Amino acid sequence: MPARQLATFALEDDGRTYTISTSGVRWRRRDYLAPWMNGRTGTKVSVRHLPHHDDTIELFDTTGHHLGSAFLAAAASREQIRSVQAARTAAARRLKADLKAAEMLRRRRFEASTTAAPPRPPAPDLRAGRRGVGRGGADGPPCAGPS
């Protein structure tokens, strides 16, 4: 059996379900963070840990699939904090690019119905060139209303 899987047998689980929030996972009144948690707010997880080693925890989804490790936010190194900030910045850039692309698509899609057409020249009066038609033509006085 691989050593990576052997380590999971030593982990303890309290049987409770936790939720990933914007500040990570709150376990034992402390926050735990990891860069991979970015964008997974609201995900239900279970926490497993090595006894007497509270600096890192392992997170599993509700089906038991390993999601990743998380470190104690209060004791995080500068490198760990930078990795979380870089993941958040990259996600924000991706969201802005997606929003811009969606707006461009929306503009292209509805452009025909939202932009004004150029003004048309006035239509020529077709009645003016014909004789004897309409009111006040060359054939006689204008028509009077009903008598």
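For the structure given in this document, a descriptive report is provided here. Because the structure is a prediction, the values reported are computed rather than measured.

Cut-offs and rules
- Residues numbered from 1 in each chain as written.
- Predicted model: local features only at pLDDT ≥ 70, side-chain atom pairs only at ≥ 80, totals over all residues.
- Heavy atoms only, no water.
- Helix = DSSP H or I, 4+ residues; strand = E, 2+ residues; numbered from the N terminus.
- Contact = heavy atoms within 4.5 Å.
- Phe/Tyr/Trp six-rings, centres within 6.5 Å; stacked < 30°, edge-to-face > 60°.
- Lys NZ or Arg CZ within 6 Å of the ring centre and 35° of its normal.
- Pairing = 2+ DSSP bridges.

1. Observations regarding the environment of Leu11
Line of reasoning, step 1. Its place among the elements puts Leu11 in the loop between helix H1 (3-9) and strand E1 (12-13).
Line of reasoning, step 2. Taking C-alpha positions, Leu11 is 8.4 Å from Glu58, a pair spaced 47 residues apart along the chain.

2. What to know about the environment of Ser46
Line of reasoning, step 1. Looking at the element boundaries, Ser46 is found in strand E5 (residues 44-50).
Line of reasoning, step 2. For the pair Ser46 and His66, spaced 20 residues apart in the sequence, the C-alpha separation amounts to 9.6 Å.
Line of reasoning, step 3. Residue contacts for Ser46: discarding those within four places in its chain leaves Asp13, Arg16, Glu58, Leu59, Phe60 and Asp61.

3. A short note on the packing of aromatic side chains
Line of reasoning, step 1. Counting across every chain of the model gives one aromatic pair.
Line of reasoning, step 2. Just above the ring of Phe60 sits the side chain of Arg48; from NZ or CZ to the centre is 4.1 Å.

4. Quick look at the pairing of strand E6 (residues 53-61)
Line of reasoning, step 1. Judged from the five bridges that link them, E5 and E6 form a sheet pairing that is antiparallel. Bridging across to E6, Arg48 finds its partner in Glu58.
Line of reasoning, step 2. Between E5 and the antiparallel strand that follows it, E6, lie two residues; His52 among them carries a positive phi value of about 65°.
Line of reasoning, step 3. Note that E6 and strand E7 (residues 66-72) share five bridges and pair antiparallel. Bridge pairing in E7 places Thr56 opposite Phe71.

By themselves, these are just geometric observations and shouldn't be taken as functional.
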